[in-house]
Amino acid sequence: METAFTYFEAVVQLGSIRKAAEKLHISASSISRQIQKLEHFFGSALLVRQAQGVRLTPAGELAARYVQGRSKELQRLRASIDALKNLESGHVVIYTVEGMIGGLLPRALANFADRHPGITYEIYTASTDDVMGAVAADRCDIGISFQPFPRPEVETLASICQPLMAVVSKSHPLARLKEIQMNAIGQIPVGLPDRSFGIRHLVDHAIKADQLNLNIRMETNSIDMMRQFALLKMGLVFLPAFSFERELASSELVGIPIVSNVLSLSTTQVCKRADVELTPAAGRMAEFIISTAEHFTRVA
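The model shown is predicted, which means the values in this text are computed figures rather than measured ones.

### A short note on the pattern of salt bridges
Here is step 1 of the chain: All chains considered together, the criterion is met by 12 salt bridges.
Here is step 2 of the chain: Between Arg195 and Asp204 there is a salt bridge; the shortest N-O distance is 3.7 Å.
Here is step 3 of the chain: For Asp204, a relative accessible area of 26% corresponds to the partly exposed category.
Here is step 4 of the chain: The residue Arg195 makes a salt bridge to Glu219 at a minimum N-O spacing of 4.0 Å. Within this pair, whereas Arg195 is found in the loop between β9 (189–193) and α7 (198–210), its partner Glu219 is found in strand β10 (residues 215–220), the two being separated by 24 residues in sequence.
Here is step 5 of the chain: A cluster of three or more residues bridged by salt bridges with shared partners is formed by Arg195, Arg200, Asp204 and Glu219.

### So, the sheet that holds β10
Here is step 1 of the chain: Sheet architecture is open: 6 strands sit in the order β8-β12-β7-β11-β9-β10, paired in mixed fashion. With partners counted over all chains shown, the strands left at the sheet margins are β8 (180–181) and β10, one partner each.
Here is step 2 of the chain: In this sheet, strand β12 (residues 253–259) lies alongside strand β7 (residues 164–169) in antiparallel orientation, the contact comprising 5 bridges. From the neighbouring strand, Ser169 faces β12, where its bridge partner is Leu253.
Here is step 3 of the chain: Along the sheet face, helix α8 (residues 223–231) touches β7, β9, β10, β11 (236–240) and β12 and points at about 130 degrees away from the line of β11.

### Re empty space enclosed by the protein
Here is step 1 of the chain: Counted according to the given criterion, the structure contains 1 cavity of 30 Å³ or more.
Here is step 2 of the chain: If you add up the space inside the largest cavity, you get close to 70 Å³.
Here is step 3 of the chain: Lining the largest cavity, in full, are Val97, Glu98, Gly99, Thr128, Phe146, Phe197, Gly198, Ile199, Ile223, Pro240, Phe242 and Ser243.
Here is step 4 of the chain: Here the residues of the lining of the largest cavity sort into 7 nonpolar, 4 polar and 1 charged.

### Observations concerning the environment of Pro193
Here is step 1 of the chain: By the element assignment, Pro193 lies in strand β9.
Here is step 2 of the chain: Residues Pro193 and Ser264 lie 71 residues apart in sequence; the distance between their C-alpha atoms is 18 Å.
Here is step 3 of the chain: Not counting the four nearest positions on each side in its chain, Pro193 is found in contact with Ile199, Arg200, Thr220 and Met226.

### Considerations on the state of the cysteines
Such a bond, covalent and formed between the sulfur atoms of two cysteines, is termed a disulfide.
Here is step 1 of the chain: Going through the model one piece at a time under the given rule, you end up with 0 disulfides.
Here is step 2 of the chain: Not engaged in a disulfide, the cysteine Cys140 finds its nearest cysteine sulfur in Cys271; these two sulfurs lie 7.3 Å apart.
Here is step 3 of the chain: Free of any disulfide, Cys161 has its nearest cysteine sulfur in Cys271, 17 Å distant.
Here is step 4 of the chain: With a relative accessible area of 11%, Cys161 lands in the buried category.

Procedures and definitions
- Residues numbered from 1 in each chain as written.
- Predicted model: local features only at pLDDT ≥ 70, side-chain atom pairs only at ≥ 80, totals over all residues.
- Heavy atoms only, no water.
- Salt bridge = Lys/Arg side-chain N within 4 Å of Asp/Glu carboxyl O.
- Buried < 20%, exposed > 50% of the residue type's maximum accessible area, 1.4 Å probe, protein only.
- Helix = DSSP H or I, 4+ residues; strand = E, 2+ residues; numbered from the N terminus.
- Pairing = 2+ DSSP bridges.
- Contact = heavy atoms within 4.5 Å.
- Axes fitted to C-alpha atoms, helices over the stretch in contact; angles between N-to-C directions.
- 1 Å grid on protein atoms, 1.4 Å probe; cavity = no way out; pocket = protein on both sides within 12 Å on 5 of 7 lines; lining within 4 Å.
- Points joined across faces, edges and corners; volume = space filled by probe spheres on them.
- Nonpolar A, V, L, I, M, F, W, Y, C, P; charged D, E, K, R; others polar.
- Disulfide = S-S within 2.5 Å.

Put into structure tokens, the structure is as follows:
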């Protein structure tokens, strides 16, 4: 029926089967057969043939309004797609680990918004496991997770090297150290995230590998609570640098490199669902996040 509607629309626009045939470079009889096909489908005549062209019947007027409306909808669709391709409009959903809110992600979003003010976005914070779950379930366009367990449904776009550091307040006795061994932490009170966090996965692995025990004073599902734990001199926490960027810049918190093959190789991963192509807006957003990270650290 698509061909029939196309031919009918041309006849309506030009007021003549002959003129429509010339425009479409087909025979007048081909157009007549397609219009007869439409008339048979609707069970009503659409055109009255006259010597000077054609006149629409009442049913033809209704059919003409339909094809004209459909043509306008197609034009709007093309305009919307062009806007998407030119990044004049679009919407991006991001699931991220909480630590990225500390500076890196807002900076990337600010730069992106300056370049593409028509793009809107939603940002949700979650644990590493929940970020990966959201990506796998296609609930978001982009996921940002810390040291996640691999999933076949998830494709990594970039792996950002982010070693875990021992983080303490500037007045803590350990703050003067240039580096620290895990076994030197001893009985210092430690704050850890719960087991849904990539940080916890790494710390538990390092403890097991070195057969160590930590004095775990606090467990939480909040990175901000971990920062407060260190800021208020309650003890030591393990964080990548981007998670306490502001406090690091103001010297309120000190990050001590840890001598550990496990903790020094940790990464933040920017990812998407493996079988889903990013929209132009989401693809550009991912580029901004990755390029912003390049100025903060190196990208593997």
